[in-house]
Structures are given as structure tokens and as C-alpha cells.
There are 2 protein chains.
Amino acid sequence: MKKAVCLLSGGMDSTTLAYVAKDIGYEILALHTRYGQRTEKKEAECARKVASLLGAVEFTEISLSHLLAFGGSSLIDKGMEVHDHEDLGEGIPNTYVPFRNSNLLSIATSYAEARGAEAIFIGVQASDYAGYPDCRPEFVEAFQHVIDLGTSDDTNITLMTPFVNLNKTEIVRRGIELGVPYEHTWSCYRSNGPACGNCDSCYYRLEAFKANGIPDPIEYE
Amino acid sequence: MKKAVCLLSGGMDSTTLAYVAKDIGYEILALHTRYGQRTEKKEAECARKVASLLGAVEFTEISLSHLLAFGGSSLIDKGMEVHDHEDLGEGIPNTYVPFRNSNLLSIATSYAEARGAEAIFIGVQASDYAGYPDCRPEFVEAFQHVIDLGTSDDTNITLMTPFVNLNKTEIVRRGIELGVPYEHTWSCYRSNGPACGNCDSCYYRLEAFKANGIPDPIEYE
């Protein structure tokens, strides 16, 4: 059976993505990373639960303490404020963690190469890459080129980004079809529970459920 | 003063490189990583000492336990044998750590972006990229593209590889001119001391000193 590394943050997109990968027929190597973000405890719990429900053959949890040490993001630096969605201006939000996705994809590629997996699933999608440079389709394409050049010649690993042209509403629609347990996913940037409902991440999540006409099963303040 | 992140492994090449970066006029942020390699203790000691002698403004040490967990390399897997230089065949040596340099460059870029550094120095060079895919000049160029796309638009970080066309003999020659303290560098793949003298890394190091007509100051078996 062909194997895929799935970057599983514990959020809505990556959880849906792991179900898509399984639906396509991959054996799942779930890879969760924590890097000192405010909600790392809750996200890790969700990722672990989802990997188990999904029947992932491995669940690997990695701590990237260096991203916390370097700082520069309100997700990890308690001295910086996570803004409400309505207070966000133009440009890159301060929740951007410098070059995080390249760190995640590098780890995922090492994992995939060591295990002989042929795909890596990452849940980058349209509404993210408006703000985050390391979610752009061009970034993912450039990283694919790095993988092709930087691994053994007999290694073939494809970055899979089935959500790259979907918005959150379409992702949730797909997830509902696949029976994704959204009660075990976490999106809030601020709190390990209940969710704040006002940060950018809560805002887009709530909009997506609303547009699908179903209630979000997690608890809000 | 302009700042540069220098990947400082504790080896001969990266140490010389840090002295070159200082000579060019950069303030040095030294970045050392350990990942469970057999000689990590000795390499960390050397890197720390060199950073201090060099007057690096920061020395950051990061543990990448995931590379050890993934395995797949004789540098980290005690169940695999590190071959003598003379027993190496064609192809990628089993000392290759899957996609290691992409992990290192990702961390270095996060560090550089968070600190406002404008350069990253990495000591890839000619005799390595014969064997290791993630030392090829094309790999470094592809990673530069990932940096350009995956960081903030107002971030400009250049990967600096002044050794990419030099061999080890030329690197040591440059190091001697710059007064590099080679007694505080470590190359052996096998032992924390004395060095074995027979692995691929010891072989090339000894050849480089011999070609320069000076003794290698470290102790061999």
C-alpha cells in the first residue's frame, strides 16, 4: 500500500486533508509539530485523536522549540497581541511564524524519504495564502523542486495540495461528505478552550460552517 | 553592522566559513544543530568554542531529535556501519542523513528572518556534492528560490556558499591565512576522540592538511 506523510496540525484543514488522503488510498503517516504556539496543548490532543480515529499507521509528534526561541510571531510570543479578525489590516498578519512551512516540509520530507513514502499532504489553501508567504502555490512548487534536487535520485516524493484552490467553505463541505470528526479539531489562535470566536482563524472557521448550514460542534466563549 | 547566520557544525569547512564571513564584515549569529549523530558531543564542544573565539554575537544550539527518530543514516543509526573511505563504492554514501540540509537551511532562514539577518552561510563544497544530493549547487539555488517566495516580501536573505567551487585543500589554505583554530574542529564520523583516520571525512581532512604541508593539530588513533 502506498504511503503518505500527512502534516496534521489538529486544525480543520489538515484534518480534512488527512481524510482525503486516506480516501484516495494512502496509508497515513501522521506528522504533528508543536512550536510553542499558544494553543499547542489543544492542537496536539486533537491531532492525536484524529490520527487514531483515522487509523494512521504512525503518529509522530515533534517539538520545534527553535521557532519559539526565534520568536517574531504573536502565535508564539505572548508579548505580542493576536488581533481580532475585524482589526486586521493589509499585509502579513503578525500570526505569521517566520518560514514555518519550510521547516514543516523539510521534516516531512526527511520522514517520507526515511520511510519510503511517496507523497506529502499539506493543507495550504486559498484564504491563507492571501496573508502568509509560505502558503502561496509558488512557494509549494519551489519546494517541490528542492525535494527533487535534495533527496536521493531514487526517491520520488510528490507534494500534494488538493486544497490549494479551495476556500474553507468548500473544505468543510468535502469533510462532511467524508465524515470528518470536526469536534476533534481546533482552530482558535488564542485559547485552548473554549474558542474565542473573534480571531482570524475562528472567524473563517465559523463562516465556513455557517455557509454549509451546519453548526460547528466545538465550544465557543 | 550587517548580520549573518552561520551554520556551524564544528567541522573544518563550516568553521573556516564562519571566519570568512567575519572577515567579509558580518556580525555572526552561529547556529549549531545536533541530531543524534555519533560525534555530536565533540562537534558541539568545538562549535561552542569556535563561536566564542570568533566573537559570535549569538550561539544557538538546536536539537533535531526527529532526524534521529526517522533514521536511515549510518551517522545516526548505530545498527549501520560507517565505512572506511577505501571501502566506499559509487553512489550516495550511507552517511547521508535524509534531507538534512533542507532542515538546517529552514531553521537558519527562520532565525535570519526573526533577527533581520541578510545572509546565511553554509559550507557546501565540491567534494561533498559528489555524494550528497543536498550539497549540490542546484539544490542551494532551488532553496534560495524557496526563501525568496516563503518569507515576507520585505525580507531579503541571501544564501552564501563561498566554498561551493573549492576543494578541502583550498579551504584549509584559506583557513590558515585567516588563523582558523583547527585544533577546535572535528571531522571524524565515528569517534568523539581520538579521530579514527579512516572514515571518508577523516580521509579528506588528512589529505587537505598534507597537501598544505602542515600537520593536522587534532589527535588520531
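Residues numbered from 1 in each chain as written. Chains lettered and ligands numbered in written order. Predicted model: local features only at pLDDT ≥ 70, side-chain atom pairs only at ≥ 80, totals over all residues. Heavy atoms only, no water.

**Student:** Whenever I open this one, the interface of chain B and chain A confuses me. Can you help?
**Tutor:** Accessible area lost upon the coming together of the parts is a frequently used measure of interface size. Opposite the 37 residues of chain B that make contact, chain A presents 37 residues. Between chain B and chain A the total buried area reaches about 3000 Å² when both faces are included, carbon and sulfur atoms providing 67% of it. Of all residues in chain B, Phe70, Phe99 and Leu149 of chain B give up the largest surface area on contact with chain A, accounting jointly for 24% of the area buried on that side. Taken together, the connections running from chain B to chain A amount to two salt bridges. A salt bridge links Arg136 of chain B to Asp153 of chain A; the shortest N-O distance between them is 2.9 Å. (Contact = heavy atoms within 4.5 Å. Buried area = accessible area lost by both parts, 1.4 Å probe. Salt bridge = Lys/Arg side-chain N within 4 Å of Asp/Glu carboxyl O.)

**Student:** What is the right way to read helix 7 (residues 168-178) of chain A from this model?
**Tutor:** It helps to recall that an α-helix has 3.6 residues per turn; residues three or four apart then point in one direction. Residues and elements named next belong to chain A. Within helix 7, the full set of buried residues consists of Lys168, Thr169, Ile171, Val172 and Gly175. Angularly, the buried residues of helix 7 cover 160° about the axis, an arc narrow enough to put them on a single face. Looking at where helix 7 begins, the residue whose side-chain oxygen comes 3.1 Å from the main-chain nitrogen of Thr169 is Asn167. Gly179, located one to two residues past helix 7, shows a positive phi value of around 70°. (Buried < 20%, exposed > 50% of the residue type's maximum accessible area, 1.4 Å probe, protein only. Helix = DSSP H or I, 4+ residues; strand = E, 2+ residues; numbered from the N terminus. Arc of directions from axis to C-beta. Polar contact = N/O pair within 3.5 Å; in protein donor to acceptor, adjacent residues only side chain to side chain.)

**Student:** Can you help me understand the pairing of strand 2 (residues 27-34) of chain B in this one?
**Tutor:** Residue and element names in this part refer to chain B. With six of eight residues buried, strand 2 lies mostly within the body of the structure. Bridge analysis of strand 1 (residues 3-7) against strand 2 gives five bridges, and the strand direction is parallel. If you follow Ala4 over to strand 2, its bridge partner there is Ile28. In this fold, the crossover linking strand 1 to strand 2 by way of helix 1 (residues 12-24) has right-handed handedness. As defined by bridge partners, strand 2 adjoins strand 3 (residues 58-63) across six bridges and the pair is classed as parallel. Among the inter-strand pairings, Leu31 is bridged to a residue of strand 3, identified as Thr60. Chirality of the crossover, the property in question, places the unit of strand 2, helix 2 (residues 40-54) and strand 3 among those that are right-handed. (Pairing = 2+ DSSP bridges. Right-handed = clockwise from strand over helix to strand, strands pointing away.)

**Student:** What should I look at first to understand the sheet that holds strand 3 (residues 58-63) of chain A in this one?
**Tutor:** Residue and element names in this part refer to chain A. Strand order across the open sheet formed by five strands is 3-2-1-4-5, with parallel pairing between neighbours. Two strands in the sheet have a free side with no partner beyond their single neighbour: strand 3 and strand 5 (158-160). With strand direction ignored, the average angle separating the axes of adjacent strands in the sheet is 25°. Alignment of strand 1 (residues 3-7) against strand 4 (residues 119-121), held across three bridges, turns out to be parallel. Following the sheet pairing, Cys6 is matched in strand 4 by Phe121. Where helix 4 (residues 100-115) meets the sheet, it contacts strand 1, strand 2 (27-34), strand 3, strand 4 and strand 5, and its direction lies at approximately 145° from that of strand 2. (Axes fitted to C-alpha atoms, helices over the stretch in contact; angles between N-to-C directions.)

**Student:** Whenever I open this one, the pattern of salt bridges confuses me. Can you help?
**Tutor:** Proximity of charged atoms lets side chains of opposite charge pair with each other. Residues and elements named next belong to chain A. All chains considered together, the criterion is met by 20 salt bridges over all chains. Linking Glu177 and Arg174 is a salt bridge whose minimum nitrogen-to-oxygen distance equals 2.8 Å. In this pair, Glu177 and Arg174 are both assigned in helix 7, three residues apart and thus about one turn of the helix distant. Overlapping salt bridges, with partners in common, bring together Arg34, Glu40, Arg48 and Glu61 in one network.

**Student:** When you look at the UniProt feature "binding site: Zn(2+)" (unreviewed entry) in chain A in this model, what are you seeing that I'm missing?
**Tutor:** Residue and element names in this part refer to chain A. When the UniProt feature table is mapped to this numbering, "binding site: Zn(2+)" (unreviewed entry) covers Cys188, Cys196, Cys199 and Cys202. With respect to the element layout, Cys188 can be found in the loop between helix 7 and helix 8 (200-211). Judged by relative accessible area, Cys188 falls into the buried class, the value being 1%. Residues contacting Cys188, with those up to four places away along its chain left out, are Thr39, Ala195, Cys196, Cys199, Ser201 and Cys202. Structurally, Cys199 can be placed in the loop between helix 7 and helix 8. Here Cys199 is in contact with Val82, His83, Asp84, His85, Cys188, Tyr189 and Arg190, once residues within four sequence places are set aside. (UniProt positions renumbered as here; feature names shortened; annotations may be inferred.)

**Student:** Explain the relation of the copies chain B and chain A here, please?
**Tutor:** Applying a rotation about an axis and a shift along it to one chain copy brings it onto the other copy. Superposition record for chain B on chain A: RMSD 0.0 Å, screw rotation 180°, translation along axis 0.0 Å. Seen this way, the second copy is the image of the first under a two-fold rotation axis. Among all C-alpha atoms of chain B, that of Asn103 of chain B lies closest to the rotation axis, at 3.1 Å. When the interface residues of chain B are mapped onto chain A, 97% of them again fall at the interface, so both copies present the same face. (Least-squares fit on C-alpha atoms with pLDDT ≥ 70 in both.)

**Student:** Teacher, can you tell me more about the packing of helix 1 of chain B against helix 2 of chain B here?
**Tutor:** Angle between the axes and distance between the axes: these two values describe a pair of packed helices. Residue and element names in this part refer to chain B. Put simply, helix 1 and helix 2 touch, their axes get as near as 11 Å, and they point 20° apart. Taken together, the axis directions place helix 1 and helix 2 in an arrangement best described as roughly parallel. Here helix 1 and helix 2 pass one another in a crossing that is right-handed. Between helix 1, through Thr15, Ala18, Tyr19 and Lys22, and helix 2, the contact on the second element is made entirely by Val50, Leu53 and Leu54. In terms of residue class, the contact of helix 1 with helix 2 is built from five nonpolar, one polar and one charged. (Parallel < 35°, antiparallel > 145°, perpendicular 65-115°, else oblique. Left-handed = near helix turned anticlockwise from the far one by under 90°. Nonpolar A, V, L, I, M, F, W, Y, C, P; charged D, E, K, R; others polar.)

**Student:** I would appreciate a short explanation of the environment of Lys168 of chain B in the present structure.
**Tutor:** Position of Lys168 of chain B among the secondary structure elements: in helix 7 (residues 168-178). Of the residues examined, Lys168 of chain B reaches a relative accessible area of 15% and is grouped as buried.

**Student:** Can you walk me through the side chain of Ser187 of chain B in this structure?
**Tutor:** All names here are of chain B. Within the element layout of this structure, Ser187 appears in the loop between helix 7 and helix 8 (200-211). At 2.9 Å, the side chain of Ser187 forms a polar contact with the side chain of Arg205. Ignoring any residue separated from it by four or fewer positions in sequence, one finds Ser187 in contact with Met12, Ser201 and Arg205.

**Student:** How should the packing of aromatic side chains be read in this particular structure?
**Tutor:** Aromatic rings in a pair are described by how distant their centres are and how their planes are angled relative to each other. Within the structure shown, the criterion is met by 12 aromatic pairs over all chains. Taking 6.1 Å as the distance between ring centres and 70° as the angle between the ring planes, the aromatic pair formed by Phe99 of chain A and Phe143 of chain B counts as edge-to-face. With Phe99 of chain A in the loop between helix 3 (65-70) and helix 4 and Phe143 of chain B in helix 6 (residues 137-150), the pair connects residues from two separate chains. Both residues of the pair, Phe99 of chain A and Phe143 of chain B, count as buried. Positioned over the ring face of Trp186 of chain B is Lys42 of chain B, at 5.1 Å from the centre of the ring. (Phe/Tyr/Trp six-rings, centres within 6.5 Å; stacked < 30°, edge-to-face > 60°. Lys NZ or Arg CZ within 6 Å of the ring centre and 35° of its normal.)

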